[in-house]
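# A look at the structure
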Amino acid sequence: MADTTQPETTEGDGPAAPAASAKPSKPSKPSKDEKRAGRLAHQITAFATSHGGAEGQIAHVGRGTVRIALVGADGEWGVLAAPSVESARRAAGLAGLTLHDDFDGDLAAKVRTGPYEWTRMAGIQLGGTANPPAPASRDA
């Protein structure tokens, strides 16, 4: 048997890396969902900035709609709509929004409502406007 010496290989040795003269790749364009999440994050950040901070909760509302409920540190509240839970969570993460699992307890206690909300929620019981009458049926 003949002794042959083979060069030692280290881990990671493999095909040579592309030459530096190779054309650099363009950064990929953000997807439609990433753009939406960015816009939502901007709106969340604007809300939080104008209300001294914010917390929120994400809830699936219906087909293709997810609600992001926002509660500002000053008690003001607002709602944004997202196309998916993933998009809503991505937007909340980009904006640094603290999320709650449910809209009850501590988060609900922070919401400040005014006379308009109370009369709309209670309706006629507290002197709010009654529901409009149903249109007359044409079958008669």
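My aim in this report is to walk through the structure given alongside it, one point at a time. (Residues numbered from 1 in each chain as written. Predicted model: local features only at pLDDT ≥ 70, side-chain atom pairs only at ≥ 80, totals over all residues. Heavy atoms only, no water.)

Let us look at the sheet that holds strand β3 (residues 77–82). Spatially, the four strands line up as an open sheet ordered β3-β2-β1-β4, and their pairing is mixed. In this open sheet, the two edge strands, each paired with only one partner strand, are β3 and β4 (98–100). Ignoring which end each strand starts from, the neighbouring axes of this sheet average 30° apart. Sitting on the sheet, helix α1 (residues 32–50) is in contact with β1 (54–62), β2 (65–72) and β3, with an inclination near 175° to β3. Contacts from helix α2 (residues 85–95) reach β1, β2, β3 and β4 within the one sheet, and its direction differs from that of β2 by about 25°. (Pairing = 2+ DSSP bridges. Helix = DSSP H or I, 4+ residues; strand = E, 2+ residues; numbered from the N terminus. Axes fitted to C-alpha atoms, helices over the stretch in contact; angles between N-to-C directions. Contact = heavy atoms within 4.5 Å.)

Note that Val61 resides in strand β1. Judged by relative accessible area, Val61 falls into the exposed class, the value being 55%. Between the C-alpha atom of Val61 and that of Ala82, which follows or precedes it by 21 residues, the distance is 9.9 Å. Beyond its immediate sequence surroundings of up to four residues, Val61 is in contact with Val66 and Arg67. (Buried < 20%, exposed > 50% of the residue type's maximum accessible area, 1.4 Å probe, protein only.)

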